[in-house]
Amino acid sequence: MFVLIAQFDSGGEAAGEPPPGSAEAVRLLGDQPDTRALRWARSTEDPGRWLLVAEFETAAGFRRAQSPLPVRAALIPWLAAAASSAAFEVIAAADAGVWSSPEVIVDDPGR
């Protein structure tokens, strides 16, 4: 399983408003068949901080979800404006109290 995590800081006058392009990028990524789950959240402590967490079954699914041209056109520039973003391979998960350790398939970091 893979997760994409991106943090956005809208700050300034736009505090409380989502970053520009959010609605389209989030909708397009969430609509992809390879996107298992997607959460778009705003901080309860700082209304200018936003977080995207998207789950994918595999690295290939992660790439396929981003491959359609309309998704790339909206998602790539939007993620480039994030304060931080990265993809992670899940090594342990708990869903409704059931623990799992998905098979790790990506080579060690720093390869």
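Note: the structure precedes this text.
Residues numbered from 1 in each chain as written. Predicted model: local features only at pLDDT ≥ 70, side-chain atom pairs only at ≥ 80, totals over all residues. Heavy atoms only, no water.

A word on the side chain of glutamine 66
Moving on, step 1. Here glutamine 66 lies in the loop between helix H2 (59–65) and helix H3 (69–80).
Moving on, step 2. A polar contact of 3.2 Å, which involves the side chain of glutamine 66, links it to the backbone oxygen of phenylalanine 62.
Moving on, step 3. Residues in contact with glutamine 66, not counting those within four places in the same chain, are Val71, Arg72, Leu75 and Ile76. (Helix = DSSP H or I, 4+ residues; strand = E, 2+ residues; numbered from the N terminus. Polar contact = N/O pair within 3.5 Å; in protein donor to acceptor, adjacent residues only side chain to side chain. Contact = heavy atoms within 4.5 Å.)

Some words on the pattern of salt bridges
Moving on, step 1. Across all of its chains, the model carries four salt bridges by this definition.
Moving on, step 2. With its nearest N and O atoms 3.6 Å apart, the salt bridge here joins arginine 49 to aspartate 9. With arginine 49 in strand E3 (residues 49–56) and aspartate 9 in strand E1 (residues 2–9), this pair connects stretches of sequence that are 40 residues apart.
Moving on, step 3. The partner of arginine 36 in a salt bridge is glutamate 57, with the nearest N and O atoms 3.1 Å apart. Within this pair, whereas arginine 36 is found in strand E2 (residues 35–42), its partner glutamate 57 is found in the loop between E3 and H2, the two being separated by 21 residues in sequence.
Moving on, step 4. Given the relative accessible area of 43%, arginine 36 is considered partly exposed. (Salt bridge = Lys/Arg side-chain N within 4 Å of Asp/Glu carboxyl O. Buried < 20%, exposed > 50% of the residue type's maximum accessible area, 1.4 Å probe, protein only.)

Quick notes on the packing of helix H1 (residues 22–30) against H3
Moving on, step 1. Where H1 meets H3, the closest approach of the two axes is 9 Å, and the angle between their N-to-C directions is 130 degrees. Looking at the two axes, H1 sits oblique to H3. Between H1 and H3 the crossing geometry is left-handed. Counting all contacts with H1, which are made through Ser22, Glu24, Ala25, Val26, Leu28 and Leu29, the residues of H3 involved are Pro70, Val71, Ala74, Leu75 and Trp78.
Moving on, step 2. Partitioning the contact of H1 with H3 into residue classes produces nine nonpolar, one polar and one charged. (Axes fitted to C-alpha atoms, helices over the stretch in contact; angles between N-to-C directions. Parallel < 35°, antiparallel > 145°, perpendicular 65-115°, else oblique. Left-handed = near helix turned anticlockwise from the far one by under 90°. Nonpolar A, V, L, I, M, F, W, Y, C, P; charged D, E, K, R; others polar.)

Just distances and angles here, no functional claims.
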